[in-house]
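Commentary on secondary and tertiary structure
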Amino acid sequence: MKPATITFSKLVDKLQQHYGAPAPPPSTDPLELIIWENVGYLASDKRRAEAFATLKQEIGTRPEQILAAQHSALAAIGKAGILPDVSAEKLLSIAKIVFEEFDSDLRSVLKRPVPQAKKALKRFPSIGDPGAEKILLLTRSYPVMALDSNGLRVLCRVGFAEEQKNYSATYRLAQDAVHGQLPRDYDSLIRAHQLLRQHGQELCKRSEPRCAECPVRNGCNYGRKV
Ligand code: SF4
């Protein structure tokens, strides 16, 4: 594979010039970030945000509030996604785990050594290694370049990593490739996470990426070929 011809910081700067400053993350609280991931199955960001706001307003996001809610009320909120009953079950499961296993205090988990913190976060539905790292980053608990699937796709197409058969292997390859170029501070890492994600959602889409409109096409291995 031909290596990337653009640096990581240049890539992120060009994305910011194109999109402007990224939106802040939906929350800085670990439990709310887990709820965010699960509140609407395969929901768009807009519908997820609406569902999350409704949950906060009508039920609350504390574990005891969710556990006291009617399943039907949680499923009504889960209609933001395609499987409302599954979302309701997941919200109840999250509340039960944090209540029973973490004494309703997920913030203290973030103070544990990173492998232990990740192991605890992965107890929750829909949270694997990338999700756990995203929570550690967005809560400013550990400065890791967490990537969602959109951001990972962008880095692969630009040329930082070659896609592997296994998602985890691709993820680690991309993280290793940019490791030596990463900023150290949380603001810059979060900015990069958000911008790479936005770019993967808006232009560098999974199918039919809109390379003709892309601000980083000249530095992108994939874009130069199409
Ligand atoms: S040129 Fe195309 S493939 Fe490359 S980053 Fe832009 S949209 Fe993605």
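Rules of the game
Each chain carries its own residue numbering, running from 1 in the written order of its sequence. With pLDDT at 70 or above as the cut-off, local features in this predicted model cover only qualifying residues; side-chain atom pairs require 80 or more to be listed or tallied, and sums for whole chains, interfaces and linings still use all residues. Note that water and hydrogens are dropped before the side-chain values are worked out from all heavy atoms of the structure. By the criteria applied, helices consist of DSSP H or I runs no shorter than four residues and strands consist of E runs no shorter than two, each listed in order from the N terminus. In this setup the radius of gyration rests on C-alpha atoms only. A globule is expected at 2.2 Å times the number of residues raised to 0.38. Summary of the burial criterion: residues with accessible area below 20% of their type's maximum are buried, those above 50% are exposed, and those between are partly exposed, where the area comes from a 1.4 Å probe applied to protein chains only. Accessible surface area values rest on a Shrake-Rupley calculation with a 1.4 Å probe, where residue burial reflects the displayed protein chains alone. Under this scheme, a helix contributes an axis fitted over its contacting stretch, all axes are lines through C-alpha atoms, and angles between N-to-C directions fall in the 0 to 180 degree range. Crossings are sorted by hand: turned counterclockwise from the far helix by less than a right angle, the near helix makes the crossing left-handed, and turned clockwise it makes it right-handed. Here a residue-residue contact requires only that any non-hydrogen atoms of the pair lie within 4.5 Å. Distance thresholds for patches are 9 Å for like charges and 5 Å for nonpolar side chains (Val, Leu, Ile, Met, Phe, Trp, Tyr), applied to residues having over 30% relative accessible area and no salt bridge. By definition, a salt bridge exists where a carboxyl oxygen of Asp or Glu is found within 4 Å of a side-chain nitrogen of Lys or Arg. Think of it this way: a Phe, Tyr or Trp ring, Trp meaning its six-membered ring, pairs with another when their centres are within 6.5 Å, and the plane angle makes it stacked under 30 degrees, edge-to-face over 60, tilted otherwise. Each ring is checked for a lysine NZ or an arginine CZ that lies within 6 Å of its centre and within 35 degrees of its normal; such an atom marks a charge sitting over the ring. One fewer than the residue count of a helix, multiplied by 1.5 Å, yields its expected span. It is the directions from the helix axis to the C-beta atoms that the arc portrays. Polar contact criterion, stated in full: a pair of N or O atoms within 3.5 Å, where within protein one must be able to donate a hydrogen and the other to accept it, and residues adjacent in sequence count only if both atoms are side-chain atoms. Only four residue types enter the charge count: Lys and Arg as positive, Asp and Glu as negative, with His and the chain ends excluded. Disulfide assignment relies on a single distance test, namely cysteine sulfur atoms paired within 2.5 Å.

1. Some points on the overall build of the chain
- Secondary structure summary: the chain contains 12 helices and 0 strands in total.
- Start at the N end of the chain and walk to the C end: the helices and strands fall as α-α-α-α-α-α-α-α-α-α-α-α.
- In summary, the chain has a C-alpha radius of gyration of 18 Å against a globular reference of 17 Å for 226 residues, a match within 12%.
- Considered along the principal axes of its C-alpha atoms, the chain spans approximately 55 × 35 × 35 Å.
- The burial tally for the chain puts 47% of its 226 residues in the buried class.
- About 11,600 Å² of surface is accessible on the chain, with carbon and sulfur atoms providing 50% of the total.

2. Focus: the packing of helix 9 (residues 149-158) against helix 10 (residues 167-179)
- Contact geometry for helix 9 and helix 10: axes closest at 10 Å, N-to-C directions at 65 degrees. Viewed along their axes, helix 9 and helix 10 form a crossing whose handedness is left-handed. Residues Ser-149, Leu-152, Leu-155 and Cys-156 of helix 9 touch helix 10, and the partners they reach there are Tyr-167, Thr-170, Tyr-171, Ala-174 and Val-178.

3. Quick notes on a nonpolar patch on the surface
- Taken together, the side chains of Tyr-41, Leu-42, Ile-82, Leu-83 and Val-86 present a nonpolar region at the surface, about 450 Å² in accessible area.
- Position of Leu-83 relative to the elements: it lies in the loop between helix 5 (71-78) and helix 6 (84-101).

4. Here we look at the packing of aromatic side chains
- Counted according to the given criterion, the structure contains 4 aromatic pairs.
- With a centroid separation of 6.4 Å and an interplanar angle of 75 degrees, the aromatic rings of Phe-8 and Phe-160 are classed as edge-to-face. Within this pair, whereas Phe-8 is found in helix 1 (residues 8-19), its partner Phe-160 is found in the loop between helix 9 and helix 10, the two being separated by 152 residues in sequence. Judged on exposure class, the residue Phe-8 and its partner Phe-160 are both buried.
- Centre to centre, the rings of Tyr-167 and Tyr-171 are 6.4 Å apart; their planes meet at 25 degrees, and the pair counts as stacked. Highlighted residues: Tyr-167 and Tyr-171, both in helix 10, separated by 4 residues, approximately one helical turn.
- Looking at Arg-157, its charged tip hangs above the ring of Tyr-222, at a distance of 5.0 Å from the centre.

5. As for helix 10
- Taking 1.5 Å per residue, 13 residues should reach 18 Å; helix 10 reaches 18 Å between its end C-alpha atoms and fits that length.
- All of the buried residues in helix 10 are Thr-170, Tyr-171, Ala-174, Gln-175 and Val-178. An end-on view of helix 10 places all buried positions within 130 degrees of arc, on one side of the element. Exposed residues lying more than 90 degrees from the buried face of helix 10 are Asp-176 and His-179.
- Against the buried residues of helix 10 lie helix 1, helix 8 (129-138) and helix 9.
- The opening residue of helix 10, the one whose side-chain oxygen lies 2.7 Å from the backbone nitrogen of Ser-168, is Asn-166.

6. Quick word on the side chain of Arg-153
- By the secondary structure assignment, Arg-153 is in helix 9.
- As a buried residue without a salt bridge, Arg-153 has its nearest oppositely charged side chain in Asp-148, at a separation of 7.3 Å.

7. Let's talk about the state of the cysteines
- Throughout the structure, instances matching the rule amount to 0 disulfides.
- Sulfur of Cys-156: no disulfide; nearest cysteine sulfur belongs to Cys-204 and is 9.7 Å away.

8. Things to note about the pattern of salt bridges
- All chains considered together, the criterion is met by 16 salt bridges.
- The salt bridge involving Asp-29 is made with Arg-107; its shortest N-O contact spans 3.6 Å. With Asp-29 in the loop between helix 1 and helix 2 (30-38) and Arg-107 in the loop between helix 6 and helix 7 (114-121), the pair connects residues that are 78 residues apart, well separated along the chain.
- Judged by relative accessible area, Arg-107 falls into the partly exposed class, the value being 38%.

9. Topic: unusual backbone geometry
- The backbone of Ser-104 sits at a positive phi, close to 60 degrees, despite the residue not being glycine.
- Tracing the backbone through its elements, the reader meets Ser-104 in the loop between helix 6 and helix 7.
- Taking the relative accessible area as the measure of exposure, Ser-104 reaches 32% and is therefore partly exposed.
- Of note in the backbone geometry, Arg-140 takes a positive phi value of approximately 60 degrees without being a glycine.
- Examined against the element boundaries, Arg-140 turns out to sit in the loop between helix 8 and helix 9.

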